[in-house]
Amino acid sequence: MTTVETDTPGLAGRTILAVFAHPDDESVACGGTLARLADAGVRVVLLCASRGESGSTSDPSLVSDGDLGRVRAQELRDAAAVLGISDVLIFEHPDGDLRWADVPELHDEIVATIRRYRPDGVITFAEDGLYWHLDHIGIHERTYTAVLSLGADAPPLYYVTMPKGVMREVVEAAIASGWAPEDSSFWGIEPDAFGDEAKPPTFVVDVRDWVARKLAALRCHQTQMGARNPFAQIDETVARRCLGIEQFRRAPIETAGDSVLERLAEPVTSS
Ligand SMILES: [Zn+2]
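What counts and what doesn't
Residues numbered from 1 in each chain as written. Predicted model: local features only at pLDDT ≥ 70, side-chain atom pairs only at ≥ 80, totals over all residues. Helix = DSSP H or I, 4+ residues; strand = E, 2+ residues; numbered from the N terminus. Pairing = 2+ DSSP bridges. Contact = placed C-beta atoms within 7 Å. Axes fitted to C-alpha atoms, helices over the stretch in contact; angles between N-to-C directions. Buried ≥ 20, exposed ≤ 12 C-beta atoms within 10 Å, placed from the backbone.

Draft legend 1. Spotlight on the environment of Asp258. Within the secondary structure, Asp258 sits in the loop between strand S7 (245-250) and strand S8 (265-266). Each C-alpha atom of the pair Asp258 and Asp24 lies 29 Å from the other, and the pair is 234 residues apart in sequence.

Draft legend 2. Structural detail: the sheet that holds strand S4 (residues 121-125). The mixed open sheet is built from eight strands, whose spatial order is S3-S2-S1-S4-S5-S7-S6-S8. Strands at the two margins of the open sheet, each flanked by one partner only, are strand S3 (87-90) and S8. Both S4 and strand S5 (residues 157-161) contribute to a ladder of four bridges, which runs parallel. In the sheet register, Thr124 faces S5, and the bridge partner there is Tyr159. Across the sheet, helix H5 (residues 134-148) lies against strand S1 (15-20), S4 and S5, angled at about 150° from S4, the strand it touches most.

Draft legend 3. Expanded view of the environment of Met225. Examined against the element boundaries, Met225 turns out to sit in the loop between helix H7 (211-220) and helix H8 (236-243). Of the residues examined, Met225 has 23 C-beta atoms within 10 Å and is grouped as buried. Remark: the alpha-carbon pair of Met225 and Ser56, spanning 169 residues in sequence, is separated by 9.9 Å.

Draft legend 4. Geometry of unusual backbone geometry. Its identity as a non-glycine residue notwithstanding, Arg118 has a phi of 45°, on the positive side. Following the sequence through the fold, Arg118 ends up in the loop between helix H3 (103-117) and S4.

What follows is the structure, given as structure tokens:
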């Protein structure tokens, strides 16, 4: 079911580019916002720097040929279709080494993608990489320098962070619903690591009416969201409460473009 948004004028026909590291980052970090933008008529373009080939696999039978990158690339295309992302660009930089490998090439690809699509805004990770993931920090660095290099042509750049404590809430809700975790974690990551040291956002986007899509997109990433993952356990009611607010900070770069993402913005309320 698609929710068509009609109350956000000025977004139809605009373009937003999201730049992330692995298949699933887009859904975890800001799947609700991307779906809401798409519903408002925005062309949403996703650049994913790797195929996520070094990730975990929830169920080996999902990767019968052993090519996890191929499977995750398809999972990403499926998630993108759920979210309404129109263009998915998957590069094959080495998962696990994105901060150090292919630095000039990735810079050039991000610049070329911005020149090709002329986005009205770019979304990527903040300095904290959601939970200090070095690949995510690398993508933050490459995207920042790529946007900065465009000078007067630079589009507005937005950093997405996780609200502190939401992953703990997801875990606790999953446990309350009867889930028996093996290690209470997301891919072996301590839930409290998400958003722990993020700088405060400057605005938030209410995506409560889009959490069903966000959950559906997350679950397209089957190799990552197996039964052991708390995302597989929560229902829409819990998701509205835990995942219904996504938060952003605008990068301190002088840009000529007007504010597109801010049209969805609501003020930050202290939590
Ligand atoms: Zn990632």
